[in-house]
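Given next are the chains, with one letter for each unit.
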2 protein chains.
Amino acid sequence: MTLTNMNSQVVKYYDPNDYDRPSVTVDILIFAIDDGQLKVLLVKRKEAPFLGEWALPGGFVKINEDLETAAIRELKEETGVKDVYLEQLKSFGDPSRDPRMRVITVAYIALIPSSAIPLQASTDALEVKWFAVASTPKLAFDHHEIIDAGLDRLRGKVRYTNIVFALMPPTFPLSQLQETYEIILDHQLDKRNFRKKMLSLDILEPTDQQVTGAHRPSLLYRFKKRDLVIFD
Amino acid sequence: MTLTNMNSQVVKYYDPNDYDRPSVTVDILIFAIDDGQLKVLLVKRKEAPFLGEWALPGGFVKINEDLETAAIRELKEETGVKDVYLEQLKSFGDPSRDPRMRVITVAYIALIPSSAIPLQASTDALEVKWFAVASTPKLAFDHHEIIDAGLDRLRGKVRYTNIVFALMPPTFPLSQLQETYEIILDHQLDKRNFRKKMLSLDILEPTDQQVTGAHRPSLLYRFKKRDLVIFD
DNA sequence: TGAATAGTGTCTTTCAGACAATATGCC
DNA sequence: GGCATATTGTCTGAAAGACACTATTCA
């Protein structure tokens, strides 16, 4: 498409109608620690394609809506949760990932504190369920691939950031923090070395509260800042 | 939109026409080391908006084209280069990032070996130029933001991967490798410590060739594998 | 007092970082 | 011989990792 502007120069304009446009969605990987496992929230699809199969929560990006805003909206609509850690993961655009039409999806990771897990969620009459990431059912679209990419990101970032803050309740004993690391990294850590390291990072502060039980009470800690900090 | 299927169930279908769809582009950050600086390739726009301003090379994703395929195609079309390291960076979708219409862009990083820098590029009669990342001109769209995100990614990944392989020629003296790290990290490194570290990583192998000049000859090395390796 | 978990310190090894002298080739 | 760059090793301090016992509460 070309036009001539006021200075009589020929100018190429692009026009949305010159091109077929894909649909764009956001999909959200909502992770939480529960029952000693890393879990991901899935919804049962009520539409074709993949009707009746489990899938990541998500939906179309509105035409005047920012990507992150769309992710926040979907998160709220489908699960009722808000004010969580949200980070863009990656976009997936294989032309055949949706059998009916071209859909490009921007995947986000959301992390929810254990204390905030809604058992069954939301305003909608949607079937929503937590699954251990190690044993998810067959999933719609390329959502397995998205989960794998999200796990890689999470496991990588745990090593050089304080990202676990977003998975922890406001206060917690150090043993619970260690357990969170162990679940994500999928290996055991030495208690003494873990405590030494964590306390040396200067990202935690003790509260004046304790947890009691049939054993020695444990001191509760909290994160000094609940924002992402990159170490080094 | 609802239909009734063969089992008389009411089924919701989505239809692309139920929604306004954004346009989707790919933009490519092409980095190379040249003249002791990290440079990025920019093109002068020949279309509105931002006609005449410098921008990242990129263009629309075709309706049946994978995102990475689109990035490879644009890379080739606009610069003539191919067979380079390519990694998805991030998607940018602020509704006002393009003043005329909704355009979501998926940004990619491409890394080119110094030896492969095309001085002026391409089949097209496009104006294309390398700029030091430290002194880019005013850019179209949100391309400054994309460059900043790309620099963060590159500087981060240099620390825990062998990603610099993609910026190096097939063989090189260790001093050139060190210079590449220094340019990216923007600080000087100790020669002895650098060599000790690099050689201990087991990612390099010596060739039987030397570089000569008005000084002691230096041994040429090459990367054992020209694929991304994550350390640890 | 037994069960359960919290809390603590030392030693060893590894790695990062500071630091300077010799080697080689070309002119 | 003089210049330019390549190449090499030691020491120190910090951090990671292995490792085991005592402390506290509750039933």
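Heads up: the structure comes first, above all this text.
Report follows, based on the coordinates. (Residues numbered from 1 in each chain as written. Chains lettered and ligands numbered in written order. Predicted model: local features only at pLDDT ≥ 70, side-chain atom pairs only at ≥ 80, totals over all residues. Heavy atoms only, no water.)

Focus: the interface of chain A and chain B
Okay, so step 1: With 39 residues of chain A at the contact, the number on the chain B side is 39 residues.
Okay, so step 2: For the chain A and chain B pair, buried surface summed over both sides reaches about 3,600 Å², with 60% attributable to carbon and sulfur atoms.
Okay, so step 3: Our count for the contact surface shared by chain A and chain B stands at zero salt bridges.
Okay, so step 4: Inspection of the chain A/chain B interface yields ten residue pairs in polar contact (both at pLDDT 80 or more).
Okay, so step 5: Those elements giving two or more residues to the side of chain A that touches chain B turn out to be β2 (10-12), β3 (23-34), β5 (47-48), β8 (85-92) and β9 (103-112) of chain A.
Okay, so step 6: The element best represented in the side of chain A that touches chain B is β8 of chain A, accounting for four residues.
Okay, so step 7: Taken together, the residues that form the side of chain A that touches chain B break down as 21 nonpolar, five polar and 13 charged. (Contact = heavy atoms within 4.5 Å. Buried area = accessible area lost by both parts, 1.4 Å probe. Salt bridge = Lys/Arg side-chain N within 4 Å of Asp/Glu carboxyl O. Polar contact = N/O pair within 3.5 Å; in protein donor to acceptor, adjacent residues only side chain to side chain. Helix = DSSP H or I, 4+ residues; strand = E, 2+ residues; numbered from the N terminus. Nonpolar A, V, L, I, M, F, W, Y, C, P; charged D, E, K, R; others polar.)

Points about the protein's contact with DNA strand D
Okay, so step 1: In the neighbourhood of DNA strand D, 21 residues make up the surrounding shell, with K197 and R216 of chain A together with K191, R195 and L219 of chain B lying closest.
Okay, so step 2: Counting only the atoms of DNA strand D that lie within 4 Å of the protein, the sugar and phosphate share comes to 44%.
Okay, so step 3: In this structure, a base oxygen belonging to DNA strand D sits 3.0 Å away from a side-chain N or O atom of K196 of chain A.
Okay, so step 4: In the model, a base oxygen of DNA strand D is placed 3.2 Å from a nitrogen or oxygen of the H215 of chain A main chain.
Okay, so step 5: Contributions of two or more residues to the surface near DNA strand D are made by α4 (191-200) and β13 (215-223) of chain A together with α4 (191-200) and β12 (215-223) of chain B.
Okay, so step 6: By residue number, the principal contributor to the surface near DNA strand D is β12 of chain B, which donates five residues.
Okay, so step 7: Considered class by class, the residues forming the surface near DNA strand D number five nonpolar, six polar and ten charged. (Near = heavy atom within 4 Å.)

Structural notes on the protein's contact with DNA strand C
Okay, so step 1: Near DNA strand C you find 21 residues, and of these S175, R195 and L219 of chain A together with R216 and P217 of chain B are the closest.
Okay, so step 2: Considering the 4 Å shell around the protein, atoms of DNA strand C inside it are sugar or phosphate in 41% of instances.
Okay, so step 3: The backbone of P217 of chain A places a nitrogen or oxygen atom 3.3 Å from a sugar or linking oxygen of DNA strand C.
Okay, so step 4: Residue D190 of chain B places a side-chain N or O atom 3.2 Å away from a base nitrogen belonging to DNA strand C.
Okay, so step 5: Contributing elements (two or more residues each) for the surface near DNA strand C: α4 and β13 of chain A together with α4 and β12 of chain B.
Okay, so step 6: Of the residues belonging to the surface near DNA strand C, the class tally is five nonpolar, six polar and ten charged.

Some remarks on the pairing of β9 of chain A
Every other side chain in a regular strand lies on the same face of the sheet, so the side chains alternate between the two faces.
All names here are of chain A.
Okay, so step 1: Of all ten residues in β9, ten are buried; the element is thus mostly enclosed.
Okay, so step 2: Across the two faces of β9 the burial is the same, with V103, T105, A107, I109 and L111 and I104, V106, Y108, A110 and I112 all buried.
Okay, so step 3: In this structure, β3 lies alongside β9, joined through ten bridges in parallel fashion. Paired with V24 across the bridge in β9 is I104.
Okay, so step 4: Note: β8 against β9, seven bridges, orientation antiparallel. (Buried < 20%, exposed > 50% of the residue type's maximum accessible area, 1.4 Å probe, protein only. Pairing = 2+ DSSP bridges.)

Quick notes on helix α1 (residues 67-79) of chain A
Okay, so step 1: For α1 of chain A, spanning 13 residues, the distance from its first C-alpha to its last is 18 Å, which sits close to the expected 18 Å at 1.5 Å a residue.
Okay, so step 2: Within α1 of chain A, the full set of buried residues consists of L67, A70, A71, R73, E74, L75, E78 and T79 of chain A. (Expected span 1.5 Å × (residues − 1).)

What to know about the layout of surface pockets
Okay, so step 1: Of the volumes computed, that of the largest pocket is approximately 2,000 Å³.
Okay, so step 2: For the largest pocket, the lining is made up of 45 residues, of which R153, K157 and Y160 of chain A together with R153 and Y160 of chain B are closest to its centre.
Okay, so step 3: Where the lining of the largest pocket is concerned, the elements lending two or more residues are α1, β8 and α2 (143-160) of chain A together with β7 (85-92) and α2 (143-160) of chain B.
Okay, so step 4: Grouping the amino acids of the lining of the largest pocket by side-chain chemistry returns 18 nonpolar, six polar and 21 charged. (1 Å grid on protein atoms, 1.4 Å probe; cavity = no way out; pocket = protein on both sides within 12 Å on 5 of 7 lines; lining within 4 Å. Points joined across faces, edges and corners; volume = space filled by probe spheres on them.)

So, the pattern of salt bridges
Residues and elements named next belong to chain A.
Okay, so step 1: Summed over the entire model, instances satisfying the criterion amount to 26 salt bridges over all chains.
Okay, so step 2: Salt-bridge contacts for D190 lead to R192; the nearest nitrogen and oxygen are separated by 3.7 Å.
Okay, so step 3: The class for D190 is partly exposed, based on a relative accessible area of 34%.
Okay, so step 4: Exposure remark for R192: the relative accessible area of 64% places this residue in the exposed category.

Details of the packing of α2 of chain B against helix α3 (residues 174-185) of chain B
Residue and element names in this part refer to chain B.
Okay, so step 1: Their axes nearest at 9 Å, the elements α2 and α3 cross at an angle of 135 degrees. Relative to α3, the element α2 lies oblique. Between α2 and α3 the crossing geometry is left-handed. Side by side, α2 and α3 meet where L154, R155, V158 and R159 of the first sit next to Y181, I184 and L185 of the second.
Okay, so step 2: In the contact of α2 with α3, the residues fall into five nonpolar, no polar and two charged. (Axes fitted to C-alpha atoms, helices over the stretch in contact; angles between N-to-C directions. Parallel < 35°, antiparallel > 145°, perpendicular 65-115°, else oblique. Left-handed = near helix turned anticlockwise from the far one by under 90°.)

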